[in-house]
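Inside the fold
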Amino acid sequence: QVQLQESGPGLVKPSETLSLTCTVSGDSINPYYWSWIRQPPGKGLEWIGYIYYTGSTYYNPSLKSRVTISVDTPKNQFSLKLNSVTAADTAVYYCARHPAATGKFDYWGQGTLVAVSS
Amino acid sequence: DIQMTQSPSSVSASVGDRVTITCRASQGISNWLAWYQQKPGKAPKLLIYSASSLQSGVPSRFSGSGSGTDFTLTISSLQPEDFATYYCHQSNSFPYTFGQGTKLEIK
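Throughout what follows, the structure given in this document is the object of discussion. (Residues numbered from 1 in each chain as written. Chains lettered and ligands numbered in written order. Predicted model: local features only at pLDDT ≥ 70, side-chain atom pairs only at ≥ 80, totals over all residues. Heavy atoms only, no water.)

Focus on the side chain of Thr74(B)
All names here are of chain B. Looking at the secondary structure, you find Thr74 in strand 8 (residues 70-75). On the basis of relative accessible area, Thr74 is assigned to the buried category, the value being 10%. In terms of polar contacts, Thr74 uses its side chain to reach the side chain of Thr20, at 3.4 Å. Apart from the residues within four sequence positions on either side, Thr74 is in contact with Arg18, Val19, Thr20, Arg61, Phe62 and Ser63. (Helix = DSSP H or I, 4+ residues; strand = E, 2+ residues; numbered from the N terminus. Buried < 20%, exposed > 50% of the residue type's maximum accessible area, 1.4 Å probe, protein only. Polar contact = N/O pair within 3.5 Å; in protein donor to acceptor, adjacent residues only side chain to side chain. Contact = heavy atoms within 4.5 Å.)

Remarks on the state of the cysteines
Each disulfide consists of a covalent bond between the sulfur atoms of two cysteine residues. Scanning all chains against the criterion turns up two disulfides over all chains. For Cys22(A), the disulfide goes to Cys95(A), at an S-S distance of 2.1 Å. Because the torsion about its S-S bond is 65°, the bridge between Cys22(A) and Cys95(A) counts as right-handed. In this pair, Cys22(A) sits in strand 3 (residues 18-25) while Cys95(A) sits in strand 9 (residues 91-98), placing the two residues 73 residues apart along the sequence. Residue class for Cys22(A) comes out buried when judged on its relative accessible area of 0%. Between Cys23(B) and Cys88(B) runs a disulfide, and the two sulfur atoms are separated by 2.1 Å. Disulfide Cys23(B)-Cys88(B): the torsion about the S-S bond is 65°, which places it as right-handed. On the criterion of sequence distance, the pair formed by Cys23(B) in strand 3 (residues 19-25) and Cys88(B) in strand 9 (residues 85-90) is long-range, its members being 65 residues apart. (Disulfide = S-S within 2.5 Å.)

Considerations on the nonpolar core
If you look at the biggest cluster of nonpolar residues, it comprises 26 residues, and the most contacted ones within it are Leu18(A), Trp36(A), Phe78(A), Leu80(A) and Tyr93(A). Per element, the largest residue contribution to this core is four residues, and it comes from strand 3 of chain A. With 24 residues, the next largest nonpolar core counts Ile2(B), Val58(B), Phe71(B) and Phe83(B) among its residues. (Core = buried A, V, L, I, M, F, W, Y, C linked by side-chain atoms within 4.5 Å.)

Considerations on the pairing of strand 5 (residues 46-52) of chain A
Strand residues, when the strand is regular, have side chains that alternate between the two faces of the sheet. All names here are of chain A. Within strand 5, six of the seven residues are buried, leaving the element largely enclosed by the surrounding structure. Pairing between strand 4 (residues 33-39) and strand 5: six bridges, direction antiparallel. Looking at strand 5, one finds that Ser35 is bridged to Tyr50. Between strand 4 and strand 5, which pair antiparallel and follow one another directly, the connecting turn spans six residues, one of which, Gly42, has a positive phi of 75°. The pairing of strand 5 with strand 6 (residues 57-59) spans three bridges and is antiparallel. Residue pairing across strands places Tyr50 opposite Tyr58, the latter belonging to strand 6. Counting the residues that bridge the hairpin from strand 5 to strand 6 gives four residues, and of these Gly55 lies at a positive phi of roughly 105°. (Pairing = 2+ DSSP bridges.)

What follows is the structure, given as structure tokens:
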């Protein structure tokens, strides 16, 4: 059974960098795409970006200037960094898997709430 | 960006009812459309992909249809565990986008 688990600080100060890691178990990182998706409290879902197991990435243009997604294949992990955060970045952050050419996020992490506050 | 608009935003229904939720894309997305169910405090769960393909393990009372710009999710006979929020999602072009959600409540 594939499982994804997000980890990282639950509180980040304004202007600092949000850093999260997603650990994948039950399957290999390759040959899949892996995304970060966030959901502000009480609101809808926003796709942040993806990384392919080879390391190629695509970011949502709305966040592109602040986002970096990386992969650590030996550890079966991928990570998100979002810099210069503000209160608007407060959200539950999910990691998810999407097999190529399927258009679906078939496995999700449980999500982790990150609050931006001083 | 492709805008995904769901209707209604909320709906009240009873156990056993048939419910249909609509999702409209601002431009054609072929069949690159998925539906997710989300319960409070939980991650979204994939129900339907490629507009009409049922994800493994999802009950057959869920079905999807549509192509191009107009899509529907139908629940043929509501069960108590179906009361949740439903999201459509397009993966035809970047950035991927989601509908605003439809909250299905008990009447």
